[in-house]
Amino acid sequence: MLKHVTISLLILLGGLAGVNALHPADLHRYEFTEPHMGTRFRIVLYAPDEATAKKAAKAAFARIAELNAIMSDYQPTSELMRLCEKAGGPPVEVSADLFEILRKSAECAKLSDGAFDVSSSPVVRLWRKARRTGEMPKAEAIKNALQLVDYRKIKLDPKGRTVQLMMKGMLLDLGGIAKGYAADAALAVLHRHGITRALVAAGGDIAVGDAPPDAVGWKVGIAPLKKPDAPPVHYLLLKNAGVSTAGDSEQFFEIEGKRYSHIIDPKTGYGVIGRRSVTVIAPNATTSDGFDTPICVMGIERGLKMIESRDDLAALLVFETDKGIITAQSKRFAKYLWKEAK
Ligand code: ADP
Ligand code: MG
């Protein structure tokens with residue numbers, strides 16, 4: 001049976017009462033939403049007046065639309081898809097944004113030993129089709145598609161800002177990191193408009209700037225694994241950070257009692273089995289988005305090891321196993337918990 005539901009994994013609340021108020025009376029809270037990149041982008045910001053707020057939000061949404069035109073793998077005209085058409089050929093000069101997101105993707109791929117791999121698209125597409133048709137991908141098709149999956153065959157040269165896809169037929173999919181990148185870019189646009197107290201949420205990928213005027217941070221709730229609409233169990237308190245949640249609560253494919261996630265293991269070509277929800281906190285949303293996806297593939301032990309290898313990352317892992325639901329958190333995670341921070 002095919003199931004496809006779209007529920008936001010994270011619930012956001014407003015600011016928390018606290019100190020740190022510069023001119024609270026002069027700033028007002030404004031909220032804007034627009035659909036982009038197959039999800040709902042939400043901007044919450046504090047500005048002196050409505051005109052300033054609207055102008056800044058409009059520019060931020062325009063920036064997100066610009067990034068979608070570069071990074072979409074649904075639009076054949078996107079810069080990404082035009083790059084893929086040249087796979088197997090010589091290096092191609094790309095925009096600063098495309099180069100930067102591929103550079104960040106390479107960093108995530110390397111640290112996760114290939115559990116994050118933006119060249120997984122040929123396989124990801126087979127599973128997308130499976131969700132549409134309700135039919136399991138053929139083992140042969142997965143085997144063939146896997147031959148085109150290898151992040152080490154994406155050559156980046158910062159000097160000429162070029163990208164070379166070394167195998168003909170290679171296809172890239174930035175779905176595991178693009179929303180985080182767009183949230184960061186939107187936050188940067190708000191900054192340029194003089195707005196530093198803001199939050200940009202791209203579904204489950206969130207970038208936060210300075211705290212609200214009446215608060216010490218942004219309070220962000222992590223929805224429970226099995227009931228994404230139920231009240232959050234954990235709340236975080238964050239500023240100048242990124243937080244992302246990946247998992248299969250939103251998109252998955254169920255057949256013969258097995259539930260395959262839309263996140264695939266690039267080594268096997270199969271969707272991750274079993275419910276998993278991974279929340280990563282990082283200095284920005286590009287990084288948090290890039291690391292939440294591979295942890296779903298790597299599992300608790302390897303995933304936590306990767307997180308602990310860097311002192312700017314923290315994570316909460318909730319995995320459904322034969323023995324029930326297992327929750328694990330990295331050493332630094334508790335630091336961001338709202339209760340701890342009070
Ligand atoms: P979402 O918020 O859409 O669930 P995620 O950050 O969880 O985003 O990334 C899931 C998306 O990443 C998939 O829809 C697919 O496009 C892509 N993807 C799936 N598996 C991998 C992988 N192992 N490495 C990189 N990208 C992947
Ligand atoms: Mg991700």
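Per chain, residues are indexed from 1 in the order of the written sequence. The naming scheme follows written order: chains are lettered A onward, ligands numbered 1 onward. For a predicted model such as this one, the threshold for reporting local features is a pLDDT of at least 70, and the threshold for listing and counting side-chain atom pairs is 80 or more; totals across whole chains, interfaces and linings nevertheless cover every residue. Remark: hydrogens and water are excluded; side-chain values derive from all non-hydrogen atoms of the structure.

### Focus: the packing of helix α6 (residues 178-192) against helix α7 (residues 285-308)
Our working rule: Orientation is described by axes fitted as lines to C-alpha atoms, over the contacting stretch for helices, and by angles from 0 to 180 degrees between their N-to-C directions. Strands here are runs of E lasting at least two residues and helices are runs of H or I lasting at least four, both read from the DSSP assignment and numbered beginning at the N terminus. Should an angle lie under 35 degrees it is considered roughly parallel, over 145 roughly antiparallel, and from 65 to 115 roughly perpendicular; all remaining angles are considered oblique. By the convention used here, residues are in contact when the closest approach between their heavy atoms is within 4.5 Å. Three residue categories are used. Nonpolar comprises Ala, Val, Leu, Ile, Met, Phe, Trp, Tyr, Cys and Pro, charged comprises Asp, Glu, Lys and Arg, and polar comprises the others, including Gly.
At a minimum axis separation of 7 Å, α6 and α7 run at an interaxial angle of 170°. Considered as vectors, α6 and α7 are oriented roughly antiparallel to each other. Between α6, through Ala178, Lys179, Gly180, Tyr181, Ala183 and Asp184, and α7, the contact on the second element is made entirely by Ala285, Thr286 and Asp289. Grouping the amino acids of the contact of α6 with α7 by side-chain chemistry returns four nonpolar, two polar and three charged.

### A short note on the coordination of the magnesium ion (ligand 2)
How we decide: In this listing, donors mean N, O and S atoms no farther than 2.8 Å from the metal, or 3.2 Å for Na, K and Ca; water is missing from the atoms, so a site can look incomplete. Only two sets of limits are used to name each site, 85 to 135 degrees for every angle of a tetrahedral four-donor site, and over 155 degrees for opposite donors with all other angles from 65 to 115 for a square planar four-donor or octahedral six-donor site, with any other site named irregular. Three labels apply to residues, based on accessible area from a 1.4 Å probe with only protein chains included: buried if under 20% of the type maximum, exposed if over 50%, partly exposed otherwise in between.
The protein atoms donating to the magnesium ion (ligand 2) are Gly176 (O), Asp289 (O), Asp289 (OD), Asp292 (OD) and Thr293 (OG1), with metal-donor distances spanning 2.2 to 2.5 Å. Coordination at the magnesium ion (ligand 2) comes from six donor atoms whose angles at the metal span 68 to 176°, giving a geometry best classed as irregular. Along the chain, the residues that donate to the magnesium ion (ligand 2) are spaced as G-x112-D-x2-D-T. Judged by relative accessible area, threonine 293 falls into the buried class, the value being 16%.

### Topic: the pairing of strand β3 (residues 39-47)
As a reminder, the rule being used: Here, any two strands with at least 2 DSSP bridges between them count as paired.
With eight of its nine residues buried, β3 lies for the most part within the structure. What sits between the antiparallel neighbours strand β2 (residues 28-36) and β3 is a turn of two residues, in which methionine 37 has the positive phi angle 50°. Of the strand pairs in this sheet, β3 and strand β7 (residues 198-202) are connected by five bridges, and their pairing is antiparallel. Note that in β7 the partner of arginine 42 across the bridge is alanine 201.

### Looking at the nonpolar core
Basically, it comes down to this: Grouping buried Ala, Val, Leu, Ile, Met, Phe, Trp, Tyr and Cys residues that are joined through side-chain atoms within 4.5 Å yields what is termed a nonpolar core.
Counting 74 residues, the largest nonpolar core has Leu45, Leu83, Leu98, Leu165, Leu174 and Leu190 as the members making the most contacts within it. Non-local contacts of leucine 165, meaning those with residues more than four positions away in its chain, are made with Leu83, Cys84, Ala87, Gly88, Gly89, Lys153, Ile154, Met170 and Leu172. Counting residues in hydrophobic clusters, the runner-up holds 20 residues, among them Leu199, Val220, Ile281 and Val318.

### Concerning the side chain of aspartate 265
Heads up, the rule is: When charges are counted, Lys and Arg contribute as positive and Asp and Glu as negative, whereas His and the chain ends are disregarded. Each reported salt bridge corresponds to a side-chain nitrogen of Lys or Arg within 4 Å of a carboxyl oxygen of Asp or Glu.
Assignment of secondary structure puts aspartate 265 in the loop between β13 (258-264) and β14 (271-273). No salt bridge is formed by the buried aspartate 265, whose closest oppositely charged neighbour, lysine 267, lies at an N-O distance of 6.0 Å. Discounting residues that sit within four places of it in the chain, aspartate 265 has contacts with Tyr270 and Val297.

### Structural notes on the sheet that holds strand β17 (residues 324-329)
A sheet is described by the order of its strands in space; here eight strands give the open sequence β2-β3-β7-β8-β11-β15-β16-β17, paired in antiparallel fashion. In this open sheet, the two strands that pair with only one neighbour each are β2 and β17. Strand-to-strand twist across the sheet, computed as the mean angle between neighbouring axes with direction ignored, equals 10°. Where β7 lies against strand β8 (residues 205-208), four bridges are found, and the strand directions are antiparallel. Bridging across to β8, leucine 199 finds its partner in valine 208.

### Some points on the packing of helix α1 (residues 50-71) against α6
What counts, and what does not: In this scheme, a crossing is called left-handed if the near helix is turned counterclockwise away from the far one by less than a right angle; it is called right-handed if the turn is clockwise.
At a minimum axis separation of 8 Å, α1 and α6 run at an interaxial angle of 145°. Between α1 and α6 lies a crossing whose hand is right-handed. Only Ala178, Tyr181, Ala182, Ala185, Ala186, Val189 and Leu190 of α6 make contact with α1, whose side of the interface consists of Ala56, Ala57, Ala59, Ala60, Arg63, Ile64, Leu67 and Met71. Tallied by class, residues from the contact of α1 with α6 come to 14 nonpolar, no polar and one charged.

### Re the site of ligand 1
Note the following rule: Nearness is judged by heavy atoms alone; a residue qualifies as near a molecule or strand once a single heavy atom is within 4 Å of it. Here, Shrake-Rupley sampling with a 1.4 Å probe gives the accessible areas, and only protein chains in the shown set may cover a residue.
Taken together, 16 residues lie around ligand 1, and Asp173, Lys179, His262, Ile264 and Thr293 are the ones closest in. Alone, ligand 1 offers 570 Å² of accessible surface; in the complex the protein occludes 93% of this. For the shell around ligand 1, the secondary-structure elements that each account for two or more residues are β13 and α7. Of the residues that constitute the shell around ligand 1, the class distribution is seven nonpolar, four polar and five charged.

### Comments concerning helix α3 (residues 96-111)
Note on helix geometry: an α-helix contains 3.6 residues per turn, so any two residues three or four positions apart are oriented the same way. Condition: Multiplying 1.5 Å by the helix residue count minus one yields the expected span of that helix.
Across its 16 residues, α3 extends 23 Å between first and last C-alpha, which sits within 8% of the 22 Å expected from 1.5 Å per residue. Among the residues of α3, Asp97, Leu98, Phe99, Ile101, Leu102, Lys104, Ser105, Cys108 and Ala109 are the ones counted as buried. As for α3, its buried residues are in contact with α1, α2 (79-85), β5 (154-157), β6 (162-165), α6 and α7.

These figures capture arrangement, not role.
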